[in-house]
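The lines below spell out each chain.
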Amino acid sequence: MSTLILKNSRELPVGFCDSGVGGLSVFAKFKNIMPAENTIYYGDLKNVPYGSKSKSEIIGFLKNILDFFKSKNVKAVVLACNTTSAVAYDEIKDNYDFQIYPIIQSSAKILAELNIKKLGVFATTATIKSGAYEKEIKKYNPDMQIYTKACPGWVEIVENKTFNTKESIELVAKYFNEIMEYKPEKIVLGCTHYPFLTGMLSKLSDSSIFIDPAAFFADFIKKDLINKNINNLSKKIGNEEFYVSANPQQFKVSGELFYSIKNNPVLL
Ligand code: DGL
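Keep in mind it's a predicted model, so treat the numbers as computed, not measured.

Definitions and limits used
- Residues numbered from 1 in each chain as written.
- Predicted model: local features only at pLDDT ≥ 70, side-chain atom pairs only at ≥ 80, totals over all residues.
- Heavy atoms only, no water.
- 1 Å grid on protein atoms, 1.4 Å probe; cavity = no way out; pocket = protein on both sides within 12 Å on 5 of 7 lines; lining within 4 Å.
- Points joined across faces, edges and corners; volume = space filled by probe spheres on them.
- Phe/Tyr/Trp six-rings, centres within 6.5 Å; stacked < 30°, edge-to-face > 60°.
- Helix = DSSP H or I, 4+ residues; strand = E, 2+ residues; numbered from the N terminus.
- Buried < 20%, exposed > 50% of the residue type's maximum accessible area, 1.4 Å probe, protein only.
- Contact = heavy atoms within 4.5 Å.
- Polar contact = N/O pair within 3.5 Å; in protein donor to acceptor, adjacent residues only side chain to side chain.
- Pairing = 2+ DSSP bridges.

Novice: Quick rundown of empty space enclosed by the protein? Include the residues and the values.
Specialist: Under the counting rule described, the total for this entry stands at two cavities of 30 Å³ or more. Of the voids in this model, the largest cavity is the one considered here, and its volume is about 70 Å³. Forming the walls of the largest cavity are Asp 18, Ser 19, Tyr 50, Gly 51, Cys 81, Asn 82, Thr 83, Thr 124, Val 155, Cys 191, Thr 192 and His 193.

As structure tokens, then:
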């Protein structure tokens, strides 16, 4: 991770990015524990879903977003997206002077320390293909058995809010039943869109089996900003800006489950 710290940077904003509304599952947790931080969220709806795209396309999407955040003079960027963390983070991490927090690498230690032998991971096709979850968790716990399942189509259910259609119910059940053949003790929701499916998933199993890394990821970022002395010390609630590359109204409506966006997102 980049370590160059700007002077007097406490008030600079923290950027959050994802292909769409998924990153709001992380953003909401972060705002809850760091309310004073000024924030900028970028949803790349023009290019959603990332999970079916090639590595070079995903790197290109992330570069554009990070260049945008650079122009906004951020102190840090949260990759609230497993796919960019898995596929593009290593390629861009040394190119920017602000702190970059990738969700998989930042959460792996806590997952590795779970007192279980068999861990399942639901994620996008690109994340699963990268092997990032296995690689990062095994750094801390080489003995953990990890069973991964790509879930193409789940991101679209969330972005389009088609939770209760017959097709969506069948698609969620299909990947759930497939991963359960391995009898995992816990299953990571390894795409930030998937916590939006908790209502559907909890009809298939006790919801305590599912792990949303957002809470401990937000906690990790909080501790790191404090350690680096760049957390905002203001007593006021921080500013919020939202930007999208397409469909601002859809973003606002679909994101409501996790965060109520007051102003209309700006279309770039
Ligand atoms: N929410 C993102 C992730 O965590 C991207 C999903 C997608 O656009 O395919 O992987």
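There's more to say after this.
Novice: Give me the packing of aromatic side chains: which residues, what numbers.
Specialist: All chains considered together, the criterion is met by 21 aromatic pairs. Ring centres 4.8 Å apart and planes at 15° place the aromatic pair Tyr 147 and Tyr 182 in the stacked group. Residue Tyr 147 is found in strand β6 (residues 145–150), and its partner Tyr 182 is found in the loop between α9 (166–180) and β7 (186–189); the two are separated by 35 residues along the sequence. Taking relative accessible area as the criterion, Tyr 147 reaches 19% and is therefore assigned buried. Residues Phe 242 and Phe 251 carry aromatic rings whose centres are separated by 6.3 Å and whose planes lie at 50° to one another, so their mutual orientation is tilted. The burial state of Phe 242 is the same as that of Phe 251; both residues are buried. Joined through ring pairs, the aromatic side chains of Phe 16, Phe 27, Phe 30, Tyr 41, Phe 242, Phe 251 and Tyr 259 make up one cluster.

Novice: Lay out the environment of Lys 75 in plain terms, naming residues and giving numbers.
Specialist: As for its placement among the helices and strands, Lys 75 is situated in the loop between α2 (55–71) and β3 (76–79). Residue Lys 75 is classed as buried on the basis of its relative accessible area of 4%. Each C-alpha atom, one on Lys 75 and one on Arg 10, is 7.8 Å from the other, the two residues being 65 residues apart in sequence. Setting aside chain neighbours within four positions, we find Lys 75 in contact with Ser 9, Arg 10, Leu 12, Pro 13, Val 14, Glu 37, Phe 98, Gln 99, Ile 230, Asn 231 and Asn 232. Here Glu 37 takes part through its side chain, which lies 2.7 Å from a polar atom of the side chain of Lys 75.

Novice: Explain the pairing of strand β1 (residues 14–18) residue by residue, including any values.
Specialist: With five of five residues buried, β1 lies mostly within the body of the structure. In β1, alternate side chains face the same way, and those of Val 14, Phe 16 and Asp 18 on one face and Gly 15 and Cys 17 on the other are all buried. One ladder, built from five bridges, connects β1 with strand β2 (residues 39–43); its direction is parallel. Looking across to β2, one finds that Gly 15 is bridged to Ile 40.

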